[in-house]
Amino acid sequence: MTCELVETIEYPEHSAGSVMSEEYVELYSNMTVDDAFTYLQQIGSNLENIYTCYVVNSGQRLIGIVSVRTLLLADQSSLVADIMEPNVVSAHELDDQEDIMSDIRKYGFLSIPVVDDDRRLVGVFTFDDAIAVQDDEATEDFEKMAAISHSEMPYLGSGVFELAKHRIPWLFLLMIFASFTALLVELYEDSLAVLPALVAFVPVLMNTGGNAGTQSSTMIIRGMALGEIELADTFRVLGKEMVVSLICGAFLVITTYISVLFFGEGHMLAVTVCLAMMATIIMSNLIGGLLTFIAKAVKIDPAVMAAPLLTNIIDALCLVVYFTLAQIILGI
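Residues numbered from 1 in each chain as written. Predicted model: local features only at pLDDT ≥ 70, side-chain atom pairs only at ≥ 80, totals over all residues. Heavy atoms only, no water.

**Section: unusual backbone geometry**
Excluding glycine, a negative phi dihedral is what most residues carry, and trans is how most peptide bonds are arranged. Under the convention used in this document: Each helix is a run of H or I in the DSSP string that is no shorter than four residues. Each strand is a run of E no shorter than two, and both are numbered from the N terminus. Exposure categories follow from relative accessible area, calculated using a 1.4 Å probe and restricted to protein chains: below 20% of the type maximum is buried, above 50% is exposed, and the middle band is partly exposed.
Notably, Gln60 is not glycine yet its phi reads approximately 70°, a positive angle. Here Gln60 is to be found in the loop between strand S2 (52-56) and strand S3 (62-67). Positive phi values are uncommon outside glycine, yet Arg119 reaches one of about 60°. Inspection of the secondary structure puts Arg119 in the loop between strand S5 (111-115) and strand S6 (121-126). By relative accessible area, Arg119 is classed as partly exposed at 31%.

**Some points on the sheet that holds S6**
To keep it simple, the criterion reads: When DSSP locates at least two bridges between a pair of strands, those strands are taken to pair. Contacts between residues were defined by any pair of non-hydrogen atoms, one from each residue, lying within 4.5 Å. All axes here are fitted lines through C-alpha atoms, helices being fitted over the stretch that makes contact, and every angle between N-to-C directions spans 0 to 180 degrees.
If you trace the three strands from one edge of the open sheet to the other, you get S4-S5-S6, paired in mixed fashion. With partners counted over all chains shown, the strands left at the sheet margins are strand S4 (91-92) and S6, one partner each. Summarising the sheet, S5 and S6 pair through five bridges and their orientation is antiparallel. In the sheet register, Val114 faces S6, and the bridge partner there is Gly123. Contacts between helix H5 (residues 97-107) and the sheet are confined to S4, S5 and S6, with S6 contributing the most and set at about 65° to the helix.

**Some details on the packing of aromatic side chains**
Aromatic ring pairs are defined here through the distance separating the ring centres and the angle between the ring planes. The following threshold applies: Each Phe, Tyr or Trp ring, with Trp reduced to its six-membered ring, pairs with another whose centre is within 6.5 Å; inter-plane angles below 30 degrees give stacked pairs, above 60 give edge-to-face pairs, and intermediate values give tilted ones.
Scanning the entire structure with this criterion turns up one aromatic pair. The interplanar angle of 40° and the centroid separation of 5.3 Å between the aromatic rings of Tyr322 and Phe323 together place this pair among those described as tilted. Here Phe323 falls in the buried class, since its relative accessible area comes to 1%.

**Brief notes about the side chain of Ser29**
Tracing the sequence through the fold places Ser29 in the loop between strand S1 (25-28) and helix H2 (33-43). Look at Ser29 and you get buried, because its relative accessible area is 16%. Apart from the residues lying within four places of it in its own chain, the contact partners of Ser29 are Val55, Val56, Asn57, Ile63, Leu79, Val80 and Ala81.

**A few points about the nonpolar core**
How we decide: Throughout this description, the term nonpolar core refers to a set of buried Ala, Val, Leu, Ile, Met, Phe, Trp, Tyr and Cys residues connected via side-chain atoms within 4.5 Å.
The biggest cluster of nonpolar side chains holds 23 residues, and the ones touching the most others in it are Leu269, Tyr322 and Phe323. Listing elements by their share of this core, those giving two or more residues are helix H9 (202-225), helix H11 (267-297) and helix H12 (309-330). Sorting elements by how many residues they give to this core places H12 first, with seven residues. When sequence neighbours within four positions are dropped, the list of residues in contact with Phe323 reads Tyr188, Leu192 and Val202.

**A closer look at the sheet that holds S1**
The three strands lie next to each other as S1-S2-S3, forming an open sheet whose pairing is mixed. In this open sheet, the two strands that pair with only one neighbour each are S1 and S3. The average undirected angle you get between the axes of adjacent strands in this sheet is 35°. In the sheet, S2 pairs with S3 via five bridges, with the strands oriented antiparallel. Counterpart to Thr52 in the pairing with S3 is Ser67. Together, S1 and S2 form the strand contacts of H2, whose direction differs from that of S1 by roughly 155°.

**Observations concerning the pattern of salt bridges**
Rules: The term salt bridge refers to a side-chain nitrogen of Lys or Arg lying within 4 Å of a carboxyl oxygen of Asp or Glu.
The final tally for this structure, using the stated rule, is two salt bridges. Ionic pairing is found between Arg120 and Asp116, a salt bridge with its closest N-O pair at 3.2 Å. Judged by relative accessible area, Arg120 falls into the partly exposed class, the value being 32%. Asp116 gets classed as buried once you look at its relative accessible area, which sits at 12%. The salt bridge partner of Arg120 is Asp118, with a shortest N-O separation of 3.2 Å. The partly exposed category is assigned to Asp118, whose relative accessible area is 38%. Salt bridges here are not isolated pairs; linked through shared partners, they connect Asp116, Asp118 and Arg120.

Printed below as a string of structure tokens:
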């Protein structure tokens, strides 16, 4: 009836075993309720949580769960095996922490028992563990979405060179992507020379596309993190994003058309910018969603696909669409 492991096992990072608590109440199925209370009085002062007790057989295999409330209401001579709940939701010691967090949210548990390959009880994943994991995961996601390498050190505890080290690789990579965007602008230099007004709307289109893609990917990443969206929902989600982009695009096309005319530009340029705006929003929403699902499918954190990496990809595609439409519609 011990609640501590004899030896410490080195578990993989982000697995249930790496963060589980080894303090829990373990009762044998052949104990009486009176025996259980005697045992609880002996060990209770050393444990934070004694409200949930895990029932094991003689081989230490988890077979049930019983609450202290159930013990209090039961006859003192009753066997623990007769009053326990045999249908136990458990986690394997190598399960991913995020999967267990999803189960805790789904079932509203305060803790989930952790077992090994032989279903022997080895620990408990508590709500407090889930909160700590959630904080760590959120921090990593924020860092990835901001294109910063993960650091275990707090901000004020890190030196300036340490902070710079985590930012330089991503800044260099994003600079390379931005260089491709600059090359695209140079490719369409002749079109810009014929109609310089084209360049005035490039920032509008690029910023709108980047924002739309970020909105799409962020919502889908959040849904994945909460267990609301799975890989099987890919086409359903992309279909919904298509409709959302059409609604958002319709509103922005109207305001864009009025804005272009307000600045004194011609009707045909306004049409060109509006078509590019609609195409950019549709493209951005679909790419933002699709890249997130691709990342999930190949076991990459979907947060990597969020801004600013996604923004650079969309910027390049936006320019190609915009200048191609300008050449077709305006004949330049």
